[in-house]
Every structure is written in C-alpha cells, then in structure tokens.
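Notes for the structure review
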Amino acid sequence: MFGQNPEPPNDLRSFSRRALLLGITQTGLFSALGARLYQLQVTEHNRYTLLADENRISVEVLSAPRGRILDRFEQVLAANADGYRITIVPSLAGKLDVVLQRLSRFIPITEVERARLVHRARRQSPNLPLIIAQDLTWEALAEINLHAPSLPGVRTERAGRRQYFNGDWMGHIVGYVGAVERQAMDDDPVLRLPWMRVGKTGVEGGMERLLRGTRGSVTSEIDARGHILRHLDRVEPKPGPDLTLTVDVVLQAKVLERLQNFRRAAAVVMDVQSGGVLAMASIPTYDPSTILDNTDPKAWAQLQAAIDDPLINRATRGLYPPGSTFKIITGLAALEAGTITLKEKLECSGAYTFFDQTYRCWKRSGHDACDFHKAMRESCDCYFYEAARRTGMDAIALMARKLGLGQIFDAGIAQQKSGLIPDPDWKRGRFGRPWLGGETILAGIGQGYVSTTPLQLAVMTCRVASGLAVNPQLVLAQTSPRLQRAQPLSVSAQNLAALRKALIAVVHETGGTGQRAQPEDGDYQIAGKTGTSQVGRASSEMAQSDLAWDMRDHSLFICYAPADTPKYAVAVVIEHGGGGGATAAPIARDIIAMTLDRDPIGRATRDGLGGGSPTEPAGRG
Amino acid sequence: MFQSGSRAYAPLSLSSKLGRIPWSLIVVTLAIGSIGVVSLYSVAGGAFAPWADRHALRLAIGVIIVVALALVPLRFWIAAANPIFISAFALVALVPIFGTTTMGAKRWLSAGPLSLQPSEFLKIALVLVSARYYQFIAFEKRSRPLYVALPMLVIGAATTLIARQPDLGSAALVALIGLTVMFLAGVHAAYFIACGAIVIGLGQYIWPRLHDYQKSRVMTFLNPERDPLGAGYHISQSKIALGSGGVNGKGLINGSQSQLNFLPEKHTDFIFTMFAEEMGYVGSMALLGLYVLLLAILAVMASRVNCRFSRLLIAGVAAILAVHVTVNVGMVIGLIPVVGVPLPLVSYGGTSMLTLMFGLGLAASAYVHRGDTIRRDELGVFV
C-alpha cells in the first residue's frame, strides 16, 4: 500500500498516540467551555438577566456640531441654524407606542407618523435613536422637559439644520450636506445616528473629516425602564473647527456676473504664489439651500434634469481639450528636451504633412518662418506640430504633469476630475494598441485625447508665472496646515523666462492672438495664451456662425498679471464660445482687473505666506 | 488502483483530484463563515455594511482559495515550505520598521488600501516549515539535542519577534502551535516537561517587565470585579451579555447588551459574546459543535494520509484552529485573560480569514494527494 519509502511503524504509532492525547485534551477544554457556557447561560441566567436589566450600562454616542465655513474675510457661508429636536431610543422607552401616545399630548404626532416610527424601530437596532420632530423652538420643548420622567427614552437636544448663505454664488465651492449613504459608513459610529449629515460636494465634502468634529459619549447606568440611575462618564464632543476659505465672496460674485451672459462657462482665479483660490465660478449656478434635506423634491428633480447641468462644478469637473493653451506645455517640453532651440526657425506654409496625413495650421496662408517667440505669440500650429513630433509624447506628458495637468489636487474640495494626459502606456492599457505618431501631433496642440479642467489650467498658469510647484488650495492656512510654500519647479530658468516673454507678446505685441486681453487702464501688463478647442470634426470646415451652438469651438484663455511681478492667475473657459482670443480673452482681462482692484485688502498677510511682508490686521478695509 | 502502484507520483487527473477534495471540510467551513456573516449583520444593527458584506465576499474568495490550493501537488508545498516561512518571517521583521501603530502596538503592515497582520501568516508558515523539517529526519534522530535545538530556535525567534510588537497573545499562540507540531512529530516528552519548567521560571523574570496594560489584564482576569468600569469592564459586561441571553437568546439584532456600544471590539474579538447573547445557549453550543466537527474532519483526514509531512501539516492546521477557538471563547466567558485573538471564520478581519483558508487549503492538498510519498532527491532545485 505504501510508496517507495514506507514509514517505520513506530513513527505512525507515536503520532497516533500523541494525537489521541491532544484530542482528549482538546475535548476536555471544549467540555470546560461548554460547562462554563451552561453555567452562565442556563444555571445563572436569571441572575445575569437581573444584572442586565436592573443595572446596565448604556453608552450613547454624541455628535459634534459641524464646523462653519467662512470666506476669506470671515463672511459666513455655511452655519448651523438654531433649533431643537426630539428623539427617542426604543430600547429605553419600554413600550414605544405608549410613550409616543403620551408624547402626542405635547407636540402633534399623527397616527400615520406614529405607525411609521414603530415600524422603523422594528427594522433597526433598538438602541439607535429615532427622530420624532426637529426644528423646534425652545418654548415647544419646555413642556416636554417638564414631563420627562413619564417619557422614558425621549431626549431633547439642541441641533439645527445646515444653513447656507450666498448660496447662489458659493454653491459650487461650499457644496452641501446630505444623509449618510450606507456604503459610505466607516468605523465612526456617529454616522449611524439618523440626524447625521455629511458633506457630499465642494468643501463640505472635501473637508468632511475636519468639519465633522470629534464625537463624544455619555456613559450612564440605567434600569430596566430606561431611567438613568446615574451618569458615569461624559466625554464632550469636540465641535468641528470653523474653516476659513481662500475665496473672496465679493470677487466671486463679480466674476459670476461677468460670465452671466453665457450658457455654460467656468473661471478660476488663483494666487500664483500660495495657490489660494480667490474665485471659482461655474455657470449655470444653483443654490444648495433649495435642495437641502430634500425639502423640495421638485427643485432637486429640476436641477438634475436641467440641460446645462447646474449641479456640476465645471471648474473642477468640466473636461475640455486645452487647445492652444497646451502649446505652453509642448513648447516648454521641447525647449527642455533641446529638440528645438529658441533661435531655430521653422517654416509654416499653412499645412504640415506627416506620413501622408495633412495637418492644417489655423492660419491657412501660413506664418512663414517662426521662431519660438513668434510661434507662441501667433499660436502657429505647424511649429508646434513639429516641436511635438521631435519631442515625443512621453516627454510632453511628463511636462504636462509637472505643470499640474492630469491630476486631482488635495485642495479641500470634493469631486474633482483628473482629466487625461495621454501617453503610449496609457493607450496600450486602454485600447491595447500602440501610440501613433499622428496622435502626438494632435496632442501637441491640445487636441485628440488630451482633456483638462479649468482648475488645472489655472494651476498650470500659476506654475509658469511663479516657477513654483504651486498646488491649489481652498482653505486658508490658519484653519488648515495644508497650505505650504511650494517647491521650485525643475525647469530651466532661461526657458521659463523665454516662455513668459512670449506670453506677454501674445497680449501686447502686434500679431498676438490675445490682444483683446490688453488692460483697458492700469499700468500693468498681462501675460496670457489663447485656446480654441474643436468640439466636432466638421467645425474646421465651416464658419463658426453657421454651426449649431453645441458644435462650436470652446473658447479658452489663461493669463497672469502683473506680468513682471505675477500675483494672480486666471483661467477662463466658455463652452462653445468660439475663438479664445475673441470671447474668453476680454473676460479674463476684466477678471484680472477686478482681482487687482480687490487686491489691497489684506492679501499678503492672510495666507500666512506673505514672504516677509509686514503683518497687518486682516479685517475688511 | 493506480495510487497504490510503484510510482510515487502517479499524476492524478483533475477530475479525480476534484473527487478527492474533502467537501465536508468546505461545507462546515462555509457554515461557520455564514454564522460570521449573520453575526456581523447583527452587530451593524441590521445592516450588511460595513462588515457583513465584506465578510461574505472574503468567505467566498476563501473557499475558492481552498479549492485552488487543494489541487496544487504536495511536492510543491514541500519545496515551497522554506521560502514561504522565510518570507513570512521577514514580513514580521519588517513590522517594527514599516508598520502602523494602533493603541501603542505595531502589528500591521499597510500597502495602499491593504493592511495585513503578518504575525497571522507566520502561524501557518511555521506549521508548514516544521512539517517539512520532520519529513526528512529519521524517527530515531528526532529527539537528539541537536535536532531538537533547530526547531526550538526557529520557534523561539518567531515568538520573540511577535512578543516585541508587543503582541503577547499571538506570541504565546505561535509558541504553542510550534510545540504542538514538535510533540506530534514524536520528540521525546522530557523536552516538553523541561519547557514547562522554563516557562514557569521565565514568568518570574518577565512579570516585572510586562507593559502596564498587560499586567492589569492578568490582574483583573484573576479578579474582574476589581475594576468593573476599567480593565475588567470587558469581561464582566461580556458575562452579563452572555448570561442574559439564556437558553434561546434574545433574537438577532435584539441583544440589548451587545447592541449598546460597550464592547469596543464586538465585531472582532468579542463577536462570540454578541452571538451567544442573541442566539442563546443553543446557538453557542451549535457554533462550538461546528468547530468540533471541523476538527474531527481534520483528524480523519490526518489519519488517512500517507506521509509524515501531510500528517503533521493537517494536524498543525487543526492545532491552529483549536487553539484560536479555545482561547477566544475562553476569553469572552472569563476563563482566560483578555488576549486579542479572533474567533476563526466568524470575527471580522481579512488577514485572519485569509490565513485560515490558506491553512485549510494546505490540509486539503495534503488529503487530495494522500497517495503521494516524497523523497528528498526528487524535489530538485527548490530544496
């Protein structure tokens, strides 16, 4: 029966003997466990039932008041309303329907409502509280508190709903709170309280952990009828801290007003040094107050069905081909790789041929000979086709990511999109096909697979302007330690300087595509870049005005100012707005003017990143 | 039949392998795991999130692992025993450097969303490597001092490493499991008696060096009433919960004691308390009965296999299971001090579940290939 090396019989015998010994030991141990369980659960059951009922310890979880959200100048954007609520813990109430009946003498509880509560209590843990009524005044509570001894399990506590101010302007940034979804429940037991609300979008969502505060608890000894015999321990909840945003409500309102005439648009204003977002506009807007706690289901349904998606924050979730604004990336990548030099001139005949495929320049008659400066100023496509081809997609994608594209930022705001910076690895993984040279050429002018959000474009602008790896941030340093001085970018200073000079030329030199961004008054210059990104294939063949609105090009403009000592960066995207130089540029110009106009009001000091500038009181001037 | 022929490795076809898989083992495992799902559903106040759903998923994955491992030839496990143990040992050694600290102890390794407790893996790896060790040592040699010293050294190193995390509970368990395999391998009884004497002697030495929380756990174990709201709180609350459950229990989601938030680890180490309160004496005995059945199946499997390695492997896995159940249940009913040990297949926790399934897979593999015998020279480059 055995194989080639049968075991010595004493081996097997020893194993069996010892295994038997251990088996007997284990049987003894299990018997001991069984006996002990018998003792606890059968013999002494009555004693422990008594202990459990007469002298048990209850631990109640207390939720903390949610932190408020304030704008840069302490204007309140989100707060908690005054109000009280009545709750009941079924396991402490004894007979739930009797207690509810008694309670209905003091506050109106309909028959239907009572049945609903009883039904609900049966389906969940008896120790989870149920909400009987909320948004009550102190007067309404007084009588209930008076009769508390005859109302076991009933609690009254202070707790108001979330309130939003200036919601029309700030809705996309602040976001809103909503009921906790089952899937979102984490180990924090406070989330199982029925009144808990958590941030869904915006800063409410992005800073949820901080705003929620730290839960507290009450440990008390209670008897069988839920009466508290004595309090053993109370840990006070720690309220969520107030968050001060980098956003300026007044500026935000002005930016939105400037964009009001368009159907869908977005604009972002950032501080180029600190990354603080001063305004972040998305058109159309909505007011989260109208949909809070589903008080008005019709308003919610309308917003959800609306054709222009007002619920979406286009600044962080709108994905657009960056168009010619991407030439900043292609140009810088080529200069850094040394595949083109600043002096080298390339000929533009109005068309560019690569493997029998013809790629047109936007200017059909061509730009003749272009060096880097002229190509950037006049946005010559042919020059950047060639620059992209020479440099290759990997190096371009690397530069795009270095300047902030294709990524989600830890900016304190929820629901960002990362967009896409394509490269050969990505395409192989996504489609299983190799990258084609023609795709590099299209990507080089910000078309093809490339997609970005307005926030990312603003970050790119900041990084070019400051030479620092600036990260966007919506929460000020005092309330969040996350705002830090950025590290310098690893890009040659000489190439960066040439790029900046070319960006000034875009706005201020003859032939520049962004001349309509020239400041109307003021003694500063703007550096910028236009972008016109194609939506459909057909659009290049027809005049824009002949196309249906949703087939027209997107209009983009990014810029920073003052050009010599950069302070602010602006990115503007007008969906289907036509040419970047025609539509977006003058808007960006106006936003820059508004921002500089608001500038003297305690700017440098408030970010805590003023770089040695004198600290002055930061109140409204 | 072909497995009794002269060739040591008559290769089994897939269908005959599948036919030899101990399906009763898998059925009982699933039954115990399902009790875990139900308990976790109840702990969450009648919700699948956040524990029950994931537990069910892990259970399903675990069963697939058992079946998959059962099909792997025995030769592979022998060859892989040393590398597996060395990796597990290295992982545990990495914990003090890269581990995450919770409640004053470093026990977890994290990589992105995954985090695991390498000390759990070490238990199985230790059984595997010990079984392999004795496969190639003649019975007469096993009690010679030199041949006893080597496994003792390995067990000692593993125990010390875990004890320093600090995780005294797991360290004691690892030592116990290692010694059990040595005992079953036939090492002379005198060594174990000497071991016992040394442990008692060491106790005198270690006691003053224990952490305060460990001391107080032992002290309040001896007299839980000493501090009913402090360290003895868990034990006395656990006993009240169990006792008030009575014969038939209070019903799912209705355990008034467990559902109150007085047990901080009620979804992991104290899940038996909750189950026993809600399902009563009938329920708790049924659960214990299922564990006994599982152990009995493993015992039968061990008696039918053909080589030393397989036998020790199956017995070692059974030992891991038995020790965990005994210590966990003993703890929650106040027979043993509170040491953080999960209840196999029922407590929430990915590492514990995965490790046990891995062990059961090894046992199943040993059983499926029970006709195989192994010679050292056939193992090739791995050894």
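Up top you'll find the structure we're talking about.
In short, a report on the structure. This one's a predicted model, so the numbers in the text were calculated from it and none came from an experiment.

The next thing to look at is the overall build of chain A. Secondary structure assignment for chain A yields 22 helices and 21 strands. Per-residue burial over chain A gives 54% buried out of 621 residues. Long-range pairs, those at least 24 residues apart, make up 71% of the contacts in chain A with a sequence separation of at least 6. For chain A, the exposed area adds up to about 27500 Å²; of that, 51% sits on carbon and sulfur atoms.

Another aspect to go through is the pattern of salt bridges. Residue and element names in this part refer to chain A. Tallying each qualifying case throughout the model produces 31 salt bridges over all chains. Among the ionic pairs, glutamate 113 bridges to arginine 116, the shortest N-O distance being 3.1 Å. Taken as a pair, glutamate 113 and arginine 116 lie in helix H5 (residues 111–123) at a separation of three residues, close to a single helical turn. Taking the relative accessible area as the measure of exposure, glutamate 113 reaches 24% and is therefore partly exposed. Note that glutamate 344 is salt-bridged to arginine 390, the shortest N-O span being 3.0 Å. Within this pair, whereas glutamate 344 is found in the loop between helix H13 (327–337) and strand E15 (346–348), its partner arginine 390 is found in helix H15 (residues 381–391), the two being separated by 46 residues in sequence.

We now examine the packing of helix H4 (residues 74–98) of chain B against helix H14 (residues 350–368) of chain B. All names here are of chain B. Closest axis-to-axis distance for the H4/H14 pair is 10 Å, and the angle between their directions is 145°. The chirality of how H4 crosses H14 is left-handed. Mapping the contact onto sequence places Leu74, Trp77 and Ile84 in H4 and Phe358, Leu362, Ser365 and Ala366 in H14. Here the residues of the contact of H4 with H14 sort into six nonpolar, one polar and no charged.

For the rest of this paragraph, the subject is the packing of helix H2 (residues 23–43) of chain B against helix H12 (residues 271–304) of chain B. Residue and element names in this part refer to chain B. As a packed pair, H2 and H12 sit with axes 9 Å apart at the nearest point and diverge in direction by 165°. Of the possible angle classes, the one that applies to H2 and H12 is roughly antiparallel. Like other packed secondary-structure pairs, H2 and H12 cross with a definite hand, here left-handed. Taken together, the residues of H12 that come into contact with H2 (itself represented by Ser24, Leu25, Val28, Thr29, Ala31, Ile32, Ile35, Ser39, Leu40, Ser42 and Val43) are Ile271, Met274, Phe275, Glu278, Leu287, Leu290, Tyr291, Leu293, Leu294, Ile297, Leu298 and Met301.

All names here are of chain A. For serine 451, the location among the structural elements is in the loop between helix H18 (437–444) and helix H19 (454–466). Taking the C-alpha atoms as reference points, serine 451 and leucine 319, 132 residues apart in sequence, are found 5.7 Å from one another. Ignoring sequence-local partners within four residues, the contact set of serine 451 consists of Leu319, Tyr320, Pro321, Pro322, Gly419, Leu420 and Gln456.

Moving on, we get to helix H3 (residues 52–70) of chain B. Residue and element names in this part refer to chain B. In a regular helix each residue adds 1.5 Å, so 19 residues correspond to 27 Å; H3 covers 27 Å between its end C-alpha atoms and thus fits that length. Here H3 has its buried residues at Ala52, His55, Leu59, Gly62, Val63, Val66, Val67, Leu69 and Ala70. Take H3 and look down its axis: the buried residues cluster within an arc of 170°, on one side only. Residues of H3 that are exposed and point more than 90 degrees away from the buried face comprise Leu57 and Ile64. Turning to H3, the residues buried within the fold contact H2, H4 and H14.

With that out of the way, let us pick up empty space enclosed by the protein. All names here are of chain B. Enumeration over the complete set of coordinates arrives at five cavities of 30 Å³ or more. Empty space within the largest cavity amounts to approximately 80 Å³. In terms of lining residues, the largest cavity is bounded by Glu120, Lys123, Ile124, Ile320, His324, Pro344, Ser352, Thr355 and Leu356. Of all the secondary-structure elements, those providing two or more residues to the lining of the largest cavity are helix H5 (118–135), helix H13 (308–332) and H14. The class makeup of the residues in the lining of the largest cavity is four nonpolar, three polar and two charged.

Attention shifts here to the sheet that holds strand E3 (residues 76–80) of chain A. All names here are of chain A. Strands sit in the order E7-E3-E2-E12 across an open sheet of four strands; the sheet is mixed. Each edge of the sheet is formed by a strand with only one pairing partner; in this case those strands are strand E7 (162–164) and strand E12 (243–244). Across two bridges, the pairing between strand E2 (residues 69–70) and E12 is parallel. For isoleucine 69, the partnering residue across the bridge sits in E12 and is leucine 243.

Further remarks concern a nonpolar patch on the surface. The grouping of Leu91(B), Leu94(B), Ile97(B) and Phe98(B) at the surface amounts to a nonpolar patch, some 380 Å² of accessible area in total. Here Phe98(B) is to be found in helix H4.

Attention shifts here to the packing of aromatic side chains. With the rule as written, the count across this model stands at 18 aromatic pairs over all chains. Ring geometry for Tyr383(A) against Phe384(A): centres 5.2 Å apart, planes inclined by 75°, an arrangement best described as edge-to-face. Under the relative-accessibility criterion, Tyr383(A) is labelled buried at 2%. Each member of the aromatic cluster is reached from another via a ring pair, and the members are Trp426(A), Phe431(A), Trp435(A) and Tyr449(A). Sitting over the face of the ring of Tyr205(B), Arg209(B) holds its NZ or CZ atom 3.9 Å from the ring centroid. Above the plane of the ring of Tyr367(B) lies Arg370(B), whose end atom (NZ or CZ) is 4.3 Å from the centre.

What counts and what doesn't
Residues numbered from 1 in each chain as written. Chains lettered and ligands numbered in written order. Predicted model: local features only at pLDDT ≥ 70, side-chain atom pairs only at ≥ 80, totals over all residues. Heavy atoms only, no water. Helix = DSSP H or I, 4+ residues; strand = E, 2+ residues; numbered from the N terminus. Buried < 20%, exposed > 50% of the residue type's maximum accessible area, 1.4 Å probe, protein only. Contact = heavy atoms within 4.5 Å. Areas by Shrake-Rupley, 256 points an atom, 1.4 Å probe, with all protein chains shown as cover. Salt bridge = Lys/Arg side-chain N within 4 Å of Asp/Glu carboxyl O. Axes fitted to C-alpha atoms, helices over the stretch in contact; angles between N-to-C directions. Left-handed = near helix turned anticlockwise from the far one by under 90°. Nonpolar A, V, L, I, M, F, W, Y, C, P; charged D, E, K, R; others polar. Parallel < 35°, antiparallel > 145°, perpendicular 65-115°, else oblique. Expected span 1.5 Å × (residues − 1). Arc of directions from axis to C-beta. 1 Å grid on protein atoms, 1.4 Å probe; cavity = no way out; pocket = protein on both sides within 12 Å on 5 of 7 lines; lining within 4 Å. Points joined across faces, edges and corners; volume = space filled by probe spheres on them. Pairing = 2+ DSSP bridges. Patch = residues over 30% accessible without salt bridge, like charges linked within 9 Å, V, L, I, M, F, W, Y side chains within 5 Å. Phe/Tyr/Trp six-rings, centres within 6.5 Å; stacked < 30°, edge-to-face > 60°. Lys NZ or Arg CZ within 6 Å of the ring centre and 35° of its normal.

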